[in-house]
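Report on the structure
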Amino acid sequence: MNPLRNRIQHAVGTLLVVLLSAMVALTFVDVIGRRLFNTPVFGANDITEHLMALIIFSGLPLLTAQRGHLSIDLLDHWLLRPQWRMWHKAVDVLIAAVLGLIAWEYFVAIAEAKQINEVSPALNIPRHWMYTYIATTTALAAVLALFAAAPQAEHSTEGVTP
């Protein structure tokens, strides 16, 4: 694998671990504060909402590039034949189009959020910067969907006895 790609994957993986750990810690502290001291963390819902979006959309481009989205292998023995190569490319184009549409909608939402000064409920965090991040990473995922490697059959050893 490409060394640059390895470094990017490692950096994004580390970022995801840090973000997820922060969300778990925040939730833990919020629950303890709420249950034991009747004092929840102010703005925990806003922070959790933003962390969740960062986690999902930080990983989306890499997941798309690796064909890591949920798939059903029920028909793999049939669909992974060489004559279905064009079908897979058509599916890649459809995925790119859907991701492109999502990115476009978020790019439109950026201007609207700036215009009406849309902010999060408790902490008043401006939403446009999050919409910008979501739109950018989704657009990147759309481009990467077009260049994803062809799907490969995974040889499972489930249920096989030696």
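I will try to describe carefully the structure that is included in this document.

**Notes on the overall build of the protein**
Of regular secondary structure, the protein possesses five helices and zero strands. In sequence order, the secondary structure elements of the protein are arranged as α-α-α-α-α. Here the contacts in the protein between residues at least 6 apart in sequence split such that 72% fall between residues at least 24 apart. Accessible area of the protein: about 11500 Å², with a carbon and sulfur share of 68%.

**Some remarks on the packing of helix α4 (residues 85-116) against helix α5 (residues 128-146)**
When two helices pack together, you describe them by how their axes are tilted relative to each other and by the distance separating the axes. One way to put it is that α4 packs onto α5 with a least axis distance of 8 Å and a crossing angle of 165°. Classified by the angle between their axes, α4 and α5 sit roughly antiparallel to one another. The two elements α4 and α5 cross, and the hand of that crossing is left-handed. Classifying every residue of the contact of α4 with α5 by side-chain character gives 19 nonpolar, five polar and three charged.

**Some thoughts on the layout of surface pockets**
Computed from the structure, the second largest pocket encloses a volume of approximately 330 Å³. Secondary structure elements with two or more residues in the lining of the second largest pocket: α1 (3-36), α2 (44-65) and α5. Its residues placed into classes, the lining of the second largest pocket shows 11 nonpolar, four polar and two charged.

**What to know about the nonpolar core**
Counting 13 residues, the largest nonpolar core has L19, L60, L99, M130 and I134 as the members making the most contacts within it. Those elements giving two or more residues to this core turn out to be α1, α2 and α5. A total of six residues in this core trace back to one element, the largest contributor, which is α2. In this view, L99 contacts L60, T64, T138, A141 and A142; residues no more than four positions away in its chain are not counted. A109, I110, A113 and A135 belong to the second largest nonpolar core, which has five residues in total.

**A look at the pattern of salt bridges**
Here the structure, examined in full by the defined rule, presents four salt bridges. Among the salt bridges present, the one from R127 reaches E49, with a minimum N-O distance of 2.5 Å. One end of the pair, R127, is in the loop between α4 and α5; the other, E49, is in helix α2, and 78 residues separate them in sequence. Judged by its relative accessible area of 14%, R127 falls in the buried class. The salt bridge involving K89 is made with D92; its shortest N-O contact spans 3.5 Å. Highlighted residues: K89 and D92, both in helix α4, separated by three residues, approximately one helical turn.

**Let's talk about the packing of α1 against α2**
Interaxial distance between α1 and α2 falls to 10 Å at its minimum, and their mutual angle equals 160°. The angle between α1 and α2 falls in the class roughly antiparallel. The hand of the α1/α2 crossing is left-handed. Partitioned by chemical class, the residues of the contact of α1 with α2 number 17 nonpolar, five polar and two charged.

Conventions and cut-offs
Residues numbered from 1 in each chain as written. Predicted model: local features only at pLDDT ≥ 70, side-chain atom pairs only at ≥ 80, totals over all residues. Heavy atoms only, no water. Helix = DSSP H or I, 4+ residues; strand = E, 2+ residues; numbered from the N terminus. Contact = heavy atoms within 4.5 Å. Areas by Shrake-Rupley, 256 points an atom, 1.4 Å probe, with all protein chains shown as cover. Axes fitted to C-alpha atoms, helices over the stretch in contact; angles between N-to-C directions. Parallel < 35°, antiparallel > 145°, perpendicular 65-115°, else oblique. Left-handed = near helix turned anticlockwise from the far one by under 90°. Nonpolar A, V, L, I, M, F, W, Y, C, P; charged D, E, K, R; others polar. 1 Å grid on protein atoms, 1.4 Å probe; cavity = no way out; pocket = protein on both sides within 12 Å on 5 of 7 lines; lining within 4 Å. Points joined across faces, edges and corners; volume = space filled by probe spheres on them. Core = buried A, V, L, I, M, F, W, Y, C linked by side-chain atoms within 4.5 Å. Buried < 20%, exposed > 50% of the residue type's maximum accessible area, 1.4 Å probe, protein only. Salt bridge = Lys/Arg side-chain N within 4 Å of Asp/Glu carboxyl O.

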